[in-house]
Amino acid sequence: MEDAAIVWLYWERDEQAIPATAEKYGNYCTAIAENILGSHADAEECVNDTYLNAWNAMPPHRPAVLSAFLGKLVRNLSINRWHHNAAQKRGGGHSAVVFDEIAELVSGDDSPERELDRRELVKAVDDFLDRLPRNKKRIFVCRYWYFDSISDISDRFGMTENNVSVTLSRLRLKLRNHLLERGFDL
């Protein structure tokens, strides 16, 4: 089923919207959630919550790209679940490594001024990504958006795991410098 037809089902409050979404995007959403959570049961729960959130968001929201809309929902729900689980058991795992890798770019300052700069930061990161060669951008997004493991990325791009790690390390450094040059306090 086409995305526009699925969105139309949501807008019509037709319950078939959920199975249509699950059929087309269930594996996609599950992969994102499992990469972040490392638990199939938690991932399934986040995917189901994604469908509920999509149901509650449409209407009034009419997503232009349904896959991106669902991906963002499941990613945010999964990250929230990961934080909840980590607070309960203080465990490590795959997601903790990804958070640690990117943490050096984020300040702990949650002041109102920092929140006002959030849009500027998003624009600066988008600008940085737009300037990257296609493969490097895809590697960065696979790791820090989809939480893909180093080994999965190396398999996907035909690189060694060490090469992927070095590439990501250099990209993080370039992003840090890019943000510092634009006046961000890291």
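Fair warning: this is a prediction, and the values are worked out from it, not measured in the lab.

**Observations concerning the packing of helix H7 (residues 118-131) against helix H10 (residues 161-181)**
Thought 1: Where H7 meets H10, the closest approach of the two axes is 10 Å, and the angle between their N-to-C directions is 130°. The angle between the axes of H7 and H10 places the two elements in the oblique class. H10 is crossed by H7, and the crossing has right-handed handedness. For the pair H7 and H10, contact is made by Leu121, Ala124, Val125, Asp127 and Phe128 and by Leu171, Lys174, Leu175, His178 and Leu179, respectively.
Thought 2: Its residues assigned to classes, the contact of H7 with H10 comprises 7 nonpolar, 1 polar and 2 charged.

**What to know about the environment of Leu66**
Thought 1: For Leu66, the position within the fold is in helix H4 (residues 66-89).
Thought 2: The sequence separation of Leu66 and Val7 amounts to 59 residues, and the corresponding C-alpha distance is 7.7 Å.
Thought 3: Apart from residues lying up to four places away in sequence, Leu66 is in contact with Asp3, Ile6, Val7, Tyr25 and Met58.

**Topic: the pattern of salt bridges**
Thought 1: Enumeration according to the criterion identifies 7 salt bridges in this entry.
Thought 2: Of the charged contacts in the structure, one is a salt bridge between Arg81 and Glu45, with a shortest N-O distance of 2.7 Å. Taken together, the residues Arg81 in helix H4 and Glu45 in helix H3 (residues 40-57) connect sequence positions 36 residues apart.
Thought 3: Looking at Glu45, the relative accessible area reads 39%, which means it is partly exposed.
Thought 4: Across the pair Asp130 and Lys137 runs a salt bridge whose closest N-O atoms are separated by 3.9 Å.
Thought 5: What emerges from the salt-bridge pattern is a single network uniting Asp42, Glu45 and Arg81.

**Re the nonpolar core**
Within soluble globular proteins, side chains that are nonpolar tend to cluster in buried spots.
Thought 1: Within the largest apolar cluster, 29 residues are counted, with the highest numbers of intra-cluster contacts made by Tyr10, Ile36, Ala54, Met58, Leu66, Phe69 and Leu70.
Thought 2: Counting residues per element, the ones that place at least two in this core are helix H1 (3-11), helix H2 (17-37), H3 and H4.
Thought 3: If you tally residues by element for this core, the top one is H4, at 9 residues.
Thought 4: Apart from residues no more than four positions distant in its own chain, Tyr10 is found in contact with Ala17, Ile18, Thr21, Tyr51, Ala54, Trp55, Met58 and Pro59.
Thought 5: Of all hydrophobic cores here, the second largest spans 17 residues; its members include Phe128, Tyr144, Ile150 and Val164.

**What to know about the side chain of Arg81**
Thought 1: Residue classification places Arg81 among the buried residues on the basis of a relative accessible area of 16%.
Thought 2: Within the structure, Arg81 has its side chain in polar contact with the side chain of Asp42 (distance 3.3 Å).
Thought 3: With residues up to four places along the chain from it excluded, the contact list for Arg81 reads Leu37, Asp42, Glu45 and Cys46.

**Topic: the packing of H2 against H3**
Thought 1: Running from N to C, H2 and H3 point in directions that differ by 135°, and their axes come no closer than 8 Å. When the axis of H2 is compared with that of H3, the two are oblique. Our pair here, H2 against H3, has a crossing hand that is right-handed. Residue-level contacts link Ala17, Ile18, Thr21, Ala22, Gly26, Cys29, Thr30, Ala33, Glu34 and Leu37 of H2 to His40, Asp42, Ala43, Cys46, Val47, Tyr51 and Trp55 of H3.

Basis of the calculations
- Residues numbered from 1 in each chain as written.
- Predicted model: local features only at pLDDT ≥ 70, side-chain atom pairs only at ≥ 80, totals over all residues.
- Heavy atoms only, no water.
- Axes fitted to C-alpha atoms, helices over the stretch in contact; angles between N-to-C directions.
- Helix = DSSP H or I, 4+ residues; strand = E, 2+ residues; numbered from the N terminus.
- Parallel < 35°, antiparallel > 145°, perpendicular 65-115°, else oblique.
- Left-handed = near helix turned anticlockwise from the far one by under 90°.
- Contact = heavy atoms within 4.5 Å.
- Nonpolar A, V, L, I, M, F, W, Y, C, P; charged D, E, K, R; others polar.
- Salt bridge = Lys/Arg side-chain N within 4 Å of Asp/Glu carboxyl O.
- Buried < 20%, exposed > 50% of the residue type's maximum accessible area, 1.4 Å probe, protein only.
- Core = buried A, V, L, I, M, F, W, Y, C linked by side-chain atoms within 4.5 Å.
- Polar contact = N/O pair within 3.5 Å; in protein donor to acceptor, adjacent residues only side chain to side chain.

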